[in-house]
Amino acid sequence: MVDAARQPLIEVKAFTEVEKVEGFVGNFKVTLREKAKYVRADRCNGCNACSLACPIEVPNYFEMNLSSRKAAYVPMSQSVPLVYNIDMDACIHCYKCVEACGSLQAIDFGMEDKIVEEDIGAIVVATGFGHFDPTPMTEYGYGRFPNVITAMEMERLNNSAGPTRGSLVRPSDNRRPNRLAIINCVGSRDKRYVSSCSNFCCMYAIKNAILLKQAMPDMDISIYYIDIRTPSKGYEEFYDRAREIGVKFIQGRPAEISEDPATHQLFIKSEDITLGRVIEHEYDMVMLNQAAVPQPDQNHMSAVLNVAQSPGGWFMEYHPKLRPMDSPTDGIFFAGACQGPKDIPASVAQGSAAAARASRVLHSDTWQIEPTVAVVWEDRCVSAKGQACGICYRACPYGAINYDKGKAAEVVTAKCHGCGACVGECPHDSITQLHFTDAQVLSQIRTLLAVEPEKKILAFRCQWCSYGGADLAGTSHFEYSSNERGLRVMCSARMDADLIYEAYRLGAGAVLYSGCHPQDCHYITGQVAGAKRAARLEKMFERMGMSPGRFRTEWISAAEGDKYARVINEMQASLDAIPEAELKAEIERLKPEMAKKLTKLNQIPGVGEALTQVDFIVNEMLGKAVNA
Amino acid sequence: MNQPLTESLAERVKAIPGGEMLMMCFSCGTCTSKCMIQEKLEPNYNPRRLIREAVFNFEESAFADETTWLCSACDLCYPACPQKIHISGVITAVKQLAVAQGKQSPYQTARVDEKSCVACGLCVSVCPYQAIALVEKKVPFRGLIPVAAVDPGKCMACGMCSAACRSTSIRLDQEFNDPDIVENLFSWLESEAN
């Protein structure tokens, strides 16, 4: 951190909040709130005189409230930049600090928050993680029993700069504990609180055990665990070392900690899995290795940066394996645990990768984006004719569309990611998506349904998930009905209702509307728009009297090849259940109703022409096939 | 071991409502260390072990396990389970399968004295495990009459029926019948008085 502060090309803005992020890759406008420290950074020399003079003491949050600090303070001695700060919530305005500061005149009670706007090329988010508060787990008595502490409290107690200058004492009587227990998976791997594994706590428990054992070899340390996970290089050796120096490992998740109220000794009851017996051991002190959770303001940051969150609340990466450091928004990158719990080596690696990705942005004059961006037909946009609309503007998950009444909607191409949500939503068909224009998709539908359409299952698949699922079903040799005809669009949000109507108008037997699971969507909220539309269509078709099973909505991930095959087979079965004559009659009955909804289809630029050509090609090919 | 997977004990337990979550257990042992029966009554009682036995198809030992028969479905373990498995549901499912195979609880269950039962139905209404039903039965010297019948697969021997019965026709054997309890009570009172 000190190195970063010394580097002339790096500006450290401490005590500053991001208020607003606008613009797009290479051209972000970021509004920052530089909070008032009431101490002038250009004058303060970090001499500590104000802090010594200050009469107010409040709990020190940096020390996990285990010690106190003054109202004029720095969180820790290595703070960068070393500029003092006056906590106005605690300050009583005695101005003793002003006196102590003397001729430096660094303290300025008239200071106010400053709003600054900066031009930024790329953003790296490294906001870290928060800690699970074990208070709701009443069985472990955190908060009730003074000698039950959290991992972060242990971190401060065991730190040579901490409140006890590095000597480990138990909070009830300030005596050194002789028997210490560390409980792993407190809150994590627990479906009641945090269902995921927090990744680094096993190693953290072992590290603490080794550190303490080295300092106090006579200390009895036990680690309670469900599984010990030491997957990286050198980790298993570290685990071995802990065993060598006498750390005890007990497999079994403690059910309860009880306390002797007189001595504050603690008793842990757990089943020793290897013994198959319930055991109770006595300890002087217990450390709860609590789960890693997203920062408390992660939701707020997610809204400010317009990046999605994965299940569990972490920031969602572009691709979990191939692009873990990229956010779905170009020019915003992730480093470290804000994207998911990870240890120091992984965070450093991701940080370096994010920096490299960001410098790629900073060093380019041009930026390549996906070619599937949206384009507005300005002459067709009703907003240009003075109508209030803005549907595309509201549909865009990236805020890439500018909408003003009286002007045609405008797509900011650099921000567009090509999901097609705007295209799917626009009721006037006045916006389209390159490479997935209405003409192109309709041509595909027409080709796929050219022969015996009543026997076909037309499957709309999204590029990222259900298409991958169908692929996997193929490569895994999961058999599914050969009547399935797949069609790829970028996102379920692009699956325009018109496309579905057209499929039924052409006499399709069944239509599958498939995409990602909501948490997997590659376009932030694209799937949500798709799901809403699918639900609407489902209801409408039911009212029209369509047989159940002819329209189906399924969310299938790229890993669910078995599910894709199963869904298609089920659809085939429900299609087979309808007698052929009845099915044909139903299709014929619904055709005019579908056609009624599609009267404007041919007015879409390019559609009429494309369909004429498709018909010509299909007829030619079918003719040849029949002749051969 | 050669039987098809669908007929394995685990699959049969999963098919019974309550037993679905069986395979989610990662053997942390929280249920065992939370259990009051384990602590107060039977040290060998172990729900985690029973789940393992069911998962790995050790049918005989699962059906003979104390855990199968002693669980009172108090559900102390349920809110403690990090995998949210309804453990007493799984145990009840194993027990149902054991009963279906004709296995009987090695522990006592409530017993009806058919000579005096008047089929008032009080016991049926108080039983928390719905283990008692009124059935038509041919009773010696009384002919075909309705009497209470206890399902040993469901009875947990709590004694609610015995306490509710007005004709003392349903009771637990051994030390938990009325005279034994009264005797114990008096001996305890005497020892307190001295």
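Residues numbered from 1 in each chain as written. Chains lettered and ligands numbered in written order. Predicted model: local features only at pLDDT ≥ 70, side-chain atom pairs only at ≥ 80, totals over all residues.

## What about the overall build of chain B?
Here is step 1: Secondary structure summary: chain B contains 10 helices and 4 strands in total.
Here is step 2: Reading the helices (α) and strands (β) of chain B from amino to carboxyl end gives α-α-α-α-α-α-α-β-α-β-β-α-β-α.
Here is step 3: Projected onto its principal axes, the C-alpha positions of chain B cover 55 × 50 × 25 Å.
Here is step 4: In chain B, which comprises 194 residues, the proportion classed as buried is 34%.
Here is step 5: Within chain B, residue pairs in contact and separated by at least 24 positions form 64% of the contacts whose partners lie at least 6 positions apart. (Helix = DSSP H or I, 4+ residues; strand = E, 2+ residues; numbered from the N terminus. Buried ≥ 20, exposed ≤ 12 C-beta atoms within 10 Å, placed from the backbone. Contact = placed C-beta atoms within 7 Å.)

## Regarding the confidence of the model for chain B
Here is step 1: Confidence along chain B averages 88 in pLDDT terms, with 96% of residues attaining 70 or more.
Here is step 2: ipTM for the predicted complex: 0.78, alongside a pTM of 0.84. (pLDDT = per-residue confidence, 0-100.)

## Observations concerning helix α14 (residues 526-544) of chain A
Residue and element names in this part refer to chain A.
Here is step 1: With 19 residues, α14 should cover 27 Å at 1.5 Å per step; its first-to-last C-alpha distance of 27 Å lies within 8% of that length.
Here is step 2: Buried-residue contacts for α14 involve α9 (391-395), α10 (421-425), α13 (497-505), β26 (510-515) and β27 (551-555).
Here is step 3: Immediately beyond the C-terminal end of α14, within one or two residues, lies Gly545, with a positive phi of roughly 90 degrees. (Expected span 1.5 Å × (residues − 1).)

## Some thoughts on the environment of Ile181 of chain B
Residues and elements named next belong to chain B.
Here is step 1: Examined against the element boundaries, Ile181 turns out to sit in helix α10 (residues 178-193).
Here is step 2: The class for Ile181 is partly exposed, based on 15 C-beta atoms found within 10 Å.
Here is step 3: Taking the C-alpha atoms as reference points, Ile181 and Val55, 126 residues apart in sequence, are found 41 Å from one another.

## As for the nonpolar core
Here is step 1: By size, the foremost hydrophobic cluster in this structure holds 132 residues, and its most contacted members are Val286, Cys422, Ala503 and Val511 of chain A.
Here is step 2: Listed in part, the 25 residues of the second largest apolar core include Cys31, Trp69, Val90 and Leu97 of chain B. (Core = buried A, V, L, I, M, F, W, Y, C linked by C-beta atoms within 7 Å.)

## Focus on the interface of chain A and chain B
Here is step 1: Listed as interface residues are 17 residues of chain A and, on the opposing side, 16 residues of chain B.
Here is step 2: Ranked by residue count, the leading element in the side of chain A that touches chain B is strand β15 (residues 266-272) of chain A, at 3 residues.
Here is step 3: For the side of chain A that touches chain B, the residue count by class is 5 nonpolar, 3 polar and 9 charged. (Nonpolar A, V, L, I, M, F, W, Y, C, P; charged D, E, K, R; others polar.)

## A word on the sheet that holds strand β7 (residues 114-120) of chain A
All names here are of chain A.
Here is step 1: In space, the 3 strands of this open sheet follow the order β1-β2-β7, with antiparallel pairing throughout. A strand with exactly one partner marks an edge of an open sheet, and here the two such strands are β1 (16-24) and β7. Each neighbouring strand pair of the sheet contributes to a mean axis angle of 20 degrees, computed without reference to strand direction.
Here is step 2: Pairing of β1 with strand β2 (residues 27-34), which is carried by 8 bridges, proceeds in the antiparallel orientation. (Pairing = 2+ DSSP bridges. Axes fitted to C-alpha atoms, helices over the stretch in contact; angles between N-to-C directions.)

## A few points about the pairing of strand β17 (residues 285-290) of chain A
All names here are of chain A.
Here is step 1: In terms of burial, β17 is a largely internal element, 6 of the 6 residues being buried.
Here is step 2: Where burial is concerned, the two faces of β17 agree: the one with Met285, Met287 and Asn289 and the one with Val286, Leu288 and Gln290 are both buried.
Here is step 3: For strand β10 (residues 148-150) and β17, the ladder comprises 3 bridges, and the chain directions are parallel. By the bridge assignment, Thr150 is partnered in β17 with Leu288.
Here is step 4: The sheet contact formed by strand β11 (residues 179-186) and β17 spans 5 bridges and is parallel.

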